[in-house]
Amino acid sequence: MIRVLLWPIGVAVVLMLGLAACGASPAAPSRSPSVAHRQSLQPSPVPRPLAWSFVSLPGDSPIVDVSCPSPVFCAGVGQIGPNAASSTLIETWDGKRWSITPSPDSGSSGLNSVSCLSPAKCVAVGSTGSIGQALVETWDGTRWSITPSPRQGNARSTLIAVSCTGPAYCTAVGFYETGPLSHALIETWNGTRWSIPPSPSLSLGSGNDSLADVSCTSPAFCLAVGYTGPSRHALIETWNGTRWSITPGPSPRSGYDTLADVSCTSPAFCMAVGGYFTGQNSQSLTTTWNGIRWSIVYHPGFNINDVGAVSCASQAFCVSVGGTGPGAVSALIETWSGAAWSIPPSPRPGDGAGLLGVSCASPSFCAAVGFYSDATPLAEIGRPVRPSTAPRHS
């Protein structure tokens, strides 16, 4: 999910090449059951495969990110119009259709990410103004309003992603600029105001750092991903409730790498996606966190396979979206079973289309958003495949 604010639609294909949901509720910690109790345990039900279908979107501008706390409510955000004359775009899903929701706007504004706790509580982030300053908007179930947020002086700043675990805790990430250099930006909401905690990436000294996504499972655990350095290597930062620290990341086989999106279900499970460049082609990079270390998981299928967003409803169910090649980019959906990725059947929107965001309320409902080749909005909904009702033959 490379959600760089005020991006022209033409840049979308670059975003899909991986060269740049929000956290789910934390799962209960696993415990070894007693011998007497083991016999009563039942295996977890295997989620039915999702059947994906197109749904129409109003307007002419794509949604770049989506958050679904339930199958009957999702919020999607983006930008209307070119950079200099842009305005924020917010749309909501009611279980049947998408509709545009009015949002406050101060001109030259766009939204990159949204995190919803319920149909009555959402936070969206982006940037506003001709120079570009961090923008935060909040939904109370009735209307959207702008929430004041701190600024890095007169520096250009952008919030690219946000994750909320409750009304009194959200974390947003992005970058700010000082001259030609960019620096990772982290902002935290405590229920009353936004503040900027220290970011450890400033100690790296590269002057080229950015955070592209964050996933929080509680006020005591967040994980943010992005890139660092002129050569663009993956940057991972972890919040333990007191401070942020840099976590060593995975090392792909060759080339430079960046992480674009992350989804955590607990401090012991996160899935991060992005890409790495081999010198000729970009390839997908997918890695899992087990609470101790990162492990790379390779994707099936294509020579060029670029994953830009991921959403996990559990450790055994994730959906990633992006684009695939070579040649013309085409939208791609993949599903994680807890052991491996697979490519489920899904409608093909044609060459030049791509998916930028995905959110799964549960293993039985996901929404994905992106664009068609003509830059018009694209949305797909995934619901369980209905069991066959055909009579059985003896």
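Quick caveat: nothing in here was measured; it's all calculated off a predicted structure.

### Description of the nonpolar core
Turning to step 1, where the next piece is worked out: Trp52, Val319, Val321, Leu355 and Cys366 are the most contacted members of the largest nonpolar core, which has 15 residues in total.
Turning to step 2, where the next piece is worked out: Those elements that provide at least two residues to this core are β1 (50-54), β23 (317-324), β24 (330-336), β26 (354-362) and β27 (365-371).

### Thoughts on the packing of aromatic side chains
Turning to step 1, where the next piece is worked out: A full pass over the atoms with the stated rule returns 7 aromatic pairs.
Turning to step 2, where the next piece is worked out: When the centroid spacing of 5.9 Å and the interplanar angle of 50° are considered together, the rings of Trp93 and Trp98 count as tilted.
Turning to step 3, where the next piece is worked out: Trp93 sits in the buried class, given a relative accessible area of 2%.

### Some words on the pairing of strand β11 (residues 169-178)
Turning to step 1, where the next piece is worked out: In terms of burial, β11 is largely enclosed, as 8 of its 10 residues are buried.
Turning to step 2, where the next piece is worked out: In this sheet, β11 lies alongside strand β10 (residues 157-166) in antiparallel orientation, the contact comprising 8 bridges. Along β11, the bridge assignment pairs Ser157 with Tyr176.
Turning to step 3, where the next piece is worked out: With antiparallel pairing between neighbouring strands as the criterion, β10 and β11 make up a hairpin whose turn holds 2 residues.
Turning to step 4, where the next piece is worked out: For β11 and strand β12 (residues 181-189), the ladder comprises 9 bridges, and the chain directions are antiparallel. Counted as the bridge partner of Phe175 is Ala184 from β12.
Turning to step 5, where the next piece is worked out: Counted between consecutive antiparallel strands, the loop separating β11 from β12 contains 2 residues, among which Gly179 sits at a positive phi close to 65°.

### Some words on the environment of Ser362
Turning to step 1, where the next piece is worked out: Here Ser362 shows up in strand β26.
Turning to step 2, where the next piece is worked out: C-alpha of Ser362 to C-alpha of Arg383: the two residues are 21 residues apart in sequence and 9.9 Å apart in space.
Turning to step 3, where the next piece is worked out: Those residues within four positions of Ser362 in sequence are excluded, and the remaining contacts are Ala313 and Phe317.

### As for unusual backbone geometry
Turning to step 1, where the next piece is worked out: Backbone geometry at Ala375 places phi at a positive 75°, although glycine is not the residue there.
Turning to step 2, where the next piece is worked out: Tracing the backbone shows Ala375 in the loop between β27 and β28 (377-384).
Turning to step 3, where the next piece is worked out: A residue is classified by how much of its surface remains accessible, and Ala375, at 18% relative accessible area, is buried.

### Here's the deal with the pairing of strand β21 (residues 294-297)
Turning to step 1, where the next piece is worked out: Pairing of strand β20 (residues 282-289) with β21 involves 4 bridges; the strand directions are antiparallel. From the neighbouring strand, Thr286 faces β21, where its bridge partner is Val297.
Turning to step 2, where the next piece is worked out: Adjacent in sequence and paired antiparallel, β20 and β21 are bridged by 4 residues, among which Gly291 carries a positive phi angle near 95°.

### What about the pattern of salt bridges?
Turning to step 1, where the next piece is worked out: According to the stated counting rule, one finds 1 salt bridge in the structure shown.
Turning to step 2, where the next piece is worked out: Among the salt bridges present, the one from Arg156 reaches Glu177, with a minimum N-O distance of 3.1 Å. In this pair, Arg156 is assigned in the loop between β9 (144-146) and β10 and Glu177 in strand β11, connecting sequence segments 21 residues apart.
Turning to step 3, where the next piece is worked out: Looking at Arg156, the relative accessible area reads 26%, which means it is partly exposed.

### Here's the deal with the state of the cysteines
Turning to step 1, where the next piece is worked out: Applying the stated criterion to the full structure yields 7 disulfides.
Turning to step 2, where the next piece is worked out: Here Cys164 is linked by a disulfide to Cys170, with a sulfur-sulfur distance of 2.1 Å. Handedness of the Cys164-Cys170 disulfide follows from its S-S torsion of about 105°: it is right-handed. This pair shows no difference in class: Cys164 is buried, exactly as Cys170 is.
Turning to step 3, where the next piece is worked out: The side chain of Cys312 participates in a disulfide bridge whose partner is Cys318; the two sulfur atoms lie 2.1 Å from each other. Across the S-S bond of Cys312 and Cys318 the torsion is about 105°, and the bridge reads as right-handed.
Turning to step 4, where the next piece is worked out: With a relative accessible area of 0%, Cys318 lands in the buried category.

About the cut-offs
- Residues numbered from 1 in each chain as written.
- Predicted model: local features only at pLDDT ≥ 70, side-chain atom pairs only at ≥ 80, totals over all residues.
- Heavy atoms only, no water.
- Core = buried A, V, L, I, M, F, W, Y, C linked by side-chain atoms within 4.5 Å.
- Buried < 20%, exposed > 50% of the residue type's maximum accessible area, 1.4 Å probe, protein only.
- Helix = DSSP H or I, 4+ residues; strand = E, 2+ residues; numbered from the N terminus.
- Phe/Tyr/Trp six-rings, centres within 6.5 Å; stacked < 30°, edge-to-face > 60°.
- Pairing = 2+ DSSP bridges.
- Contact = heavy atoms within 4.5 Å.
- Salt bridge = Lys/Arg side-chain N within 4 Å of Asp/Glu carboxyl O.
- Disulfide = S-S within 2.5 Å.

Any functional reading would require information beyond the geometric quantities listed.
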